[in-house]
Amino acid sequence: MASLQAENESLKLENAYLRESKLQLIKITAIEMERLRRFIMMLSSALRMRGLSPQNLREMETRITQQIYGQGSGTAKSNSKPPSEKEWKWKQKLQQSKESTPVMNKPSPSLLSDSNSHAPAKKTASLAERMKALNEAKDSSTAAKRLEEFKKTQHERLKTVKVTTTSKDTIASLFAEKIEAQKKNQSMTTMSSGKGQMLKEALSNPEPEKAAEVVESLGLFVAKEKTPDFKKSSASASSSAKAAAAEQEEESAPLEVLNMNNNVMMKKMSEKEKENMENLICDSMVRNKELKQVQMCNADIGNDFLMKILEKLTDNREQHNVTELWLESNPIGDKGMSALAQFIASDDKITIIKLYSNKKTISTPVLNELIDAMEKNETILKFVFDGFRFQHQKDKKEKYLRRNAEIARKKRNEEKKRAQAQT
């Protein structure tokens, strides 16, 4: 009795297992049939897009079915016509239709079936890929249309622009002035033999009293570039008179700028000569009373040279008139930035500092030192530096700059009131 019960239980378990497996098989089969149905619908729509009509699809289906199921029975072979004869008749009908009316060429179903039977099956593009290709084609056509419309509108606008003789002369004179200024700057950077000899003597026996004279003779002190005045009419005076007036104005202009941008002069010097040259430049900053702007962008200014400059400006705060330091694209590290932070915290003359595109990464503690120093400073109006990594540091910098701008505005208003009261 116990054995029968055990056998009954085992049969129940086996039946349950078979039932579950069959149900699972039915589900999988249904999913596979649905997938095949979608694939067939997608394939038929793709073939229709290629130019095949429903009649062509039915002929293709008949052709493939006969090839698959007609090979096993002799009756199917005897009743069906050879592929070559059927293809020949189809080509003949196609030729007649071409001669009568021009229609779009459609591929032969038999050729498609034969090529598909012999050639390896290509990977079918998915629906997402085909939709993407269709959208790209639409976008390209739309972009081409927009470009053509833009060209037409620009061409129409250019037709309406009128260039007078006065504007042509003004533009030509501005270009000539710009080219002349570039030539002068280039000639200043290239050192002649006489200047080289003079510099060699100055470096062998440096004298702080003659530092400004030596730097000026090297062409490093230049006048500040003026913004061209487009409102002036060129027809009022001749070109020669204008050139003479411009030369006279340049000669009398104060040398407010120390221009060492892209200067590689010190790279060719020895260590001692480089040290003496740095001392000469620092002394010239203090002794040239007209100097206001120091430009040393991409001039290989390191930590030691920067610390010398800051120390000289700090010790001679009452004697110098420097208000701008341009130190972009230089390899300044933590040591130099820390010295700059100490300088900013106690300085009251510098209004603009540019450190954009610094070639070394500054650590977070030193960046915090810069922020703390800017909190104590009330004269810096512009501080260009892209090394701040955190948003709160950038926000604090902007906050202190706005505060300093407001302080400067109040000072200007007070000076105006004082001047009006005196008059």
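Before reading further, recall that the structure is shown in the block above.
Only a predicted model underlies this, so the values are computations on that prediction, with no experimental measurement involved.

**Q** Explanation requested: helix α15 (residues 391-422) in the structure shown.
**A** Think of an α-helix as 3.6 residues a turn; residues three or four steps apart then line up on the same face. Between its first and last C-alpha atoms α15 spans 47 Å; for 32 residues at 1.5 Å apiece the expected length is 46 Å, and the two agree. Of all the positions in α15, only Q393, K397, Y400, L401, N404 and A408 are classed as buried. For α15, the elements touching its buried residues are α14 (364-376) and β6 (382-384).

**Q** Explain helix α1 (residues 2-49) to me, please; I cannot follow it from the model alone.
**A** Taking 1.5 Å of rise per residue, 48 residues should cover 70 Å, and α1 covers 71 Å from first to last C-alpha, within 8% of that figure. With its phi angle positive at about 115°, G51 sits one or two positions after the end of α1.

**Q** Is there a simple way to explain the packing of aromatic side chains in this structure?
**A** Each aromatic ring pair is described using two quantities: the centre-to-centre distance and the angle formed by the ring planes. For the structure on display, the rule yields three aromatic pairs. Ring centres of F383 and F385 lie 6.3 Å apart, and the angle between their planes is 70°; on these two criteria the pair is classed as edge-to-face. Comparing F383 with F385 shows no difference in burial state: the two are buried. Ring pairing ties together the aromatic residues F383, F385 and F388, which thus form one cluster. Its end group placed over the ring of W326, K354 keeps NZ or CZ at 3.7 Å from the ring centre.

**Q** Can you walk me through the sheet that holds strand β3 (residues 293-295) in this structure?
**A** Strands pair in a sheet through their backbones, by hydrogen bonds, and they do so in one of two ways: parallel or antiparallel. Spatially, the six strands line up as an open sheet ordered β1-β2-β3-β4-β5-β6, and their pairing is mixed. Each having just a single partner strand, β1 (221-222) and β6 make up the two edges of the open sheet. Bridge count for strand β2 (residues 257-259) against β3 is three bridges, and the pairing is parallel. Across the sheet, residue L258 finds its bridge partner in β3, namely V294.

**Q** What is the right way to read a nonpolar patch on the surface from this model?
**A** Together, L36, F39, I40 and L43 make up a nonpolar patch on the protein surface, roughly 340 Å² of accessible area in all. Its location among the elements puts F39 in helix α1. For F39, a relative accessible area of 34% corresponds to the partly exposed category.

**Q** Help me understand a negative patch on the surface in this model?
**A** A contiguous patch of negative charge, built from D334, E369, D372 and E375, is present on the exposed surface. When residues in the negative patch are grouped by element, the largest group, three residues, is from α14. Along the chain, D334 falls in helix α13 (residues 334-346). Taking relative accessible area as the criterion, D334 reaches 30% and is therefore assigned partly exposed.

**Q** Help me out: how do you make sense of the side chain of Q393 in this one?
**A** Structurally, Q393 can be placed in helix α15. With relative accessibility at 1%, the residue Q393 sits in the buried group. In this structure Q393 touches T364, L367, N368, I371 and F388, once residues within four positions along its chain are discounted.

Each value, and the rule that gives it
- Residues numbered from 1 in each chain as written.
- Predicted model: local features only at pLDDT ≥ 70, side-chain atom pairs only at ≥ 80, totals over all residues.
- Heavy atoms only, no water.
- Helix = DSSP H or I, 4+ residues; strand = E, 2+ residues; numbered from the N terminus.
- Expected span 1.5 Å × (residues − 1).
- Buried < 20%, exposed > 50% of the residue type's maximum accessible area, 1.4 Å probe, protein only.
- Contact = heavy atoms within 4.5 Å.
- Phe/Tyr/Trp six-rings, centres within 6.5 Å; stacked < 30°, edge-to-face > 60°.
- Lys NZ or Arg CZ within 6 Å of the ring centre and 35° of its normal.
- Pairing = 2+ DSSP bridges.
- Patch = residues over 30% accessible without salt bridge, like charges linked within 9 Å, V, L, I, M, F, W, Y side chains within 5 Å.
- Areas by Shrake-Rupley, 256 points an atom, 1.4 Å probe, with all protein chains shown as cover.
- Salt bridge = Lys/Arg side-chain N within 4 Å of Asp/Glu carboxyl O.
- Lys, Arg positive; Asp, Glu negative; His and termini not counted.
- Charge placed at Lys NZ, Arg CZ, Asp CG, Glu CD.

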